[in-house]
Amino acid sequence: MKPIIAPSVLASDFANLQSEVEMLNESQADWLHIDIMDGRFVPNISFGFPVLQAIQRYAKKPLDVHLMIVEPELYIEQFRAAGAEIISVHYEACNHLHRTIQQIKATGAKAGIALNPHTSVQLLDDVIADVDLVCLMSVNPGFGGQKFIENTYRKIETLKDLIISRHSNAQIEIDGGVNQQNAPLLLEKGADALVAGSFVFNSADPLQTIANLKNLSSN
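These figures come from a predicted structure and were not determined experimentally.

Points about the pairing of strand β2 (residues 32-37)
The element β2 is largely enclosed, with a buried count of six among its six residues. In β2, alternate side chains face the same way, and those of L32, I34 and I36 on one face and H33, D35 and M37 on the other are all buried. Alignment of β2 against strand β3 (residues 63-68), held across six bridges, turns out to be parallel. Bridge pairing in β3 links I36 to L67. Note on the crossover from β2 through helix α2 (residues 49-58) to β3: the handedness is right-handed.

Examining the sheet that holds strand β8 (residues 193-196)
Pairing in this open sheet of eight strands is parallel, and the strands run β1-β8-β7-β6-β5-β4-β3-β2 from one edge to the other. The open sheet terminates on both sides in strands that have one partner only, identified here as β1 (4-7) and β2. Each strand axis lies, on average, 25 degrees off the axis of its neighbour in the sheet, ignoring direction. Examined bridge by bridge, strand β6 (residues 133-137) and strand β7 (residues 171-175) share five bridges and lie parallel to one another. Each residue of the ladder has a partner; that of L133, found in β7, is Q171. Running over the sheet, helix α5 (residues 152-165) touches β6 and β7 and is turned about 165 degrees from β7. With respect to the sheet, helix α8 (residues 206-214) is in contact with β1 and β8, its orientation differing from that of β1 by roughly 150 degrees.

Brief notes about the pattern of salt bridges
Summed over the entire model, instances satisfying the criterion amount to four salt bridges. Of the charged contacts, one joins R166 and D125 as a salt bridge, the two residues approaching to 2.7 Å between their closest N and O atoms. Note that R166 is positioned in the loop between α5 and β7 and D125 in the loop between β5 (110-115) and β6, a separation of 41 residues in sequence. Residue classification places R166 among the partly exposed residues on the basis of a relative accessible area of 39%.

Focus on the packing of aromatic side chains
Think of a pair of aromatic rings as described by two things: how far the centres are apart, and how the planes are tilted against each other in angle. In the structure shown here, the tally under the stated rule is four aromatic pairs. Between the aromatic rings of F49 and F79, the centroid separation amounts to 4.5 Å while the plane-to-plane angle is 45 degrees, which identifies the pairing as tilted. Highlighted residues: F49 in helix α2 and F79 in helix α3 (residues 76-81), separated in sequence by 30 residues. For the pair F148 and Y153, a centre-to-centre distance of 5.3 Å together with 50 degrees between the ring planes defines the contact as tilted.

How each quantity is defined
- Residues numbered from 1 in each chain as written.
- Predicted model: local features only at pLDDT ≥ 70, side-chain atom pairs only at ≥ 80, totals over all residues.
- Heavy atoms only, no water.
- Buried < 20%, exposed > 50% of the residue type's maximum accessible area, 1.4 Å probe, protein only.
- Helix = DSSP H or I, 4+ residues; strand = E, 2+ residues; numbered from the N terminus.
- Pairing = 2+ DSSP bridges.
- Right-handed = clockwise from strand over helix to strand, strands pointing away.
- Axes fitted to C-alpha atoms, helices over the stretch in contact; angles between N-to-C directions.
- Contact = heavy atoms within 4.5 Å.
- Salt bridge = Lys/Arg side-chain N within 4 Å of Asp/Glu carboxyl O.
- Phe/Tyr/Trp six-rings, centres within 6.5 Å; stacked < 30°, edge-to-face > 60°.

Following this line, the structure appears as structure tokens:
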């Protein structure tokens, strides 16, 4: 099977956001990955509802919204109304994770959980059967262009075993430092979706870069 490719809009040219989104519409990308940062959970601030709504106005592909924010449960319905089709919250930011997962599902969006590099996948044992996506951070969240963390390969294998043992349908998404060199092994280990930001938008030909990632084979 071919991987799901989700270019991260955080790495795009914000001054030409409409044209960047239209380029992604024409590409072989499957989702548009949208990073929401609040300056509290992570030491950076990205964009909020007005920009997300603007992206949604032009996007022809699902919006994969990654909430790097504290108290995400306060904003789930607003993000869904702004166009989010997949909403991922951080395990580390949720005091009542199961409740938040159910809240996301109640809006009609797919529910995802994101894990920081230091967070063990075994902590998802009690909720893995309830989620649609697990986003493994392969860099520390908050900034683009960071170096890929090699331990991610082992985490994918452990997570895949957990998904199988709990009869979960969750897909595994990798976010951070993804490129043409590490993508084949990520897929071999069990990843389903690849988030690529700087690697796509800083390339000479983003359309071809996306196509190259899309045409890699997974097990």
